[in-house]
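Here is what each chain is made of, one letter per residue.
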Amino acid sequence: MYTTSFEELPLGDLLARVQTLRHQGIRFVQLCAERGSDDAMNMLYTFYDEEHDAALNLIVPLAAGDVVPSIQELYFSSFTFENETHDLFGVPFANMKLDFAGHFFNVAQDAPMTILSPEQKAARDKAAKAQAAKAAREVKAAAAAREAAEDTSAERALTTSAAEADAAAVAEVNKLAPRAAAEAAEKPAAAAPAPAEDAEAARLAKTAAKIAAMPPEKAAAARAALAAKGIVLPDISDQKEGE
């Protein structure tokens, strides 16, 4: 059964590893270079073990200024791949048995596969800025939605029970954030956990602060309405004096 594997190898271990593969009778298949999105260069060496029907891919990361040792002494057929990689990507090789000195390909410019045109760079920068702006707007909208839901919940607490206020707050968040609501709808329903004491205390404190900021007549009516429902607000007078 055919298998393939990938292994990352430091550049300093390349020659020793390739020499071992040569002594084991493993066949060299190809060498190719790849430049990632972060502009880092990787060398990919592919070998094939015919006895076990298995391919081995050695990934060798390169840093700026690295010189790659040639493997032509072990696998002479690699001369085409090494010269191609040099001409198209500008990767330097050391001790090549057959070195075309940059003329394996007739190219109009050095290392054409590494060139990024001004138009391409401008388009890439524009796309990155647009993505960042979109992410910032989403974060801001989510924060505004939650703040609006909290304010609505505090106002509603003056005339509704705690359970009704919490349910309405959840509905408000779902309305302002439809994506979150859709994700929540896909999850299996679960029983709502009992509100924690600290969360309840924070809600009552926020309600008390809002009532304290009302005109005296309206504040008295609100306290009376809450007292009729058995809701006791904390005394925040000491806190206000401390502030």
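In this text the structure is predicted, and so the values were computed from the model without any measurement. (Residues numbered from 1 in each chain as written. Predicted model: local features only at pLDDT ≥ 70, side-chain atom pairs only at ≥ 80, totals over all residues. Heavy atoms only, no water.)

1. Considerations on the pairing of strand β4 (residues 54-62)
Where burial is concerned, most of β4 is hidden: seven out of the nine residues are buried. Sheet topology places strand β1 (residues 3-8) next to β4; six bridges connect them, and they run parallel. Looking at the pairing, T3 lines up with A54 of β4. Where strand β3 (residues 41-49) meets β4, nine bridges bridge the pair, whose relative direction is antiparallel. Across the sheet, residue M43 finds its bridge partner in β4, namely V60. (Buried < 20%, exposed > 50% of the residue type's maximum accessible area, 1.4 Å probe, protein only. Helix = DSSP H or I, 4+ residues; strand = E, 2+ residues; numbered from the N terminus. Pairing = 2+ DSSP bridges.)

2. Comments concerning the confidence of the model for the protein
Overall, the prediction assigns the protein a mean pLDDT of 79, with 71% of residues at 70 or greater. No element of the protein has a lower mean pLDDT than helix α8 (residues 237-242), which averages 54, and none a higher one than helix α1 (residues 14-23), which averages 96. (pLDDT = per-residue confidence, 0-100.)

3. Considerations on the packing of aromatic side chains
According to the stated counting rule, one finds six aromatic pairs in the structure shown. Relative to F47, the ring of F28 has its centre 5.7 Å away and its plane inclined at 65 degrees; by these criteria the two rings are edge-to-face. One end of the pair, F28, is in strand β2 (residues 27-35); the other, F47, is in strand β3, with 19 residues separating them in the sequence. By the burial criterion, F28 is buried, and F47 matches it. When the centroid spacing of 5.6 Å and the interplanar angle of 80 degrees are considered together, the rings of F28 and F81 count as edge-to-face. Placement of the pair is F28 in strand β2 and F81 in helix α2 (residues 79-89), with a sequence separation of 53 residues. Overall, F28 belongs to the buried group, its relative accessible area being 6%. Owing to a relative accessible area of 22%, F81 belongs among the partly exposed residues under this scheme. The ring centre of Y75 lies 5.3 Å from the NZ or CZ of R22, which sits over that ring. (Phe/Tyr/Trp six-rings, centres within 6.5 Å; stacked < 30°, edge-to-face > 60°. Lys NZ or Arg CZ within 6 Å of the ring centre and 35° of its normal.)

4. Focus on the environment of S70
Mapped onto the fold, S70 is located in the loop between β5 (68-69) and α2. For S70, a relative accessible area of 8% corresponds to the buried category. The spatial distance from the C-alpha of S70 to the C-alpha of M96 is 5.3 Å, given a sequence separation of 26 residues. Among all residues touching S70, those that are not within four sequence positions of it are L15, E82, A94, N95 and M96. Only 2.7 Å separates the side chain of S70 from the side chain of E82, close enough to count as a polar contact. (Contact = heavy atoms within 4.5 Å. Polar contact = N/O pair within 3.5 Å; in protein donor to acceptor, adjacent residues only side chain to side chain.)

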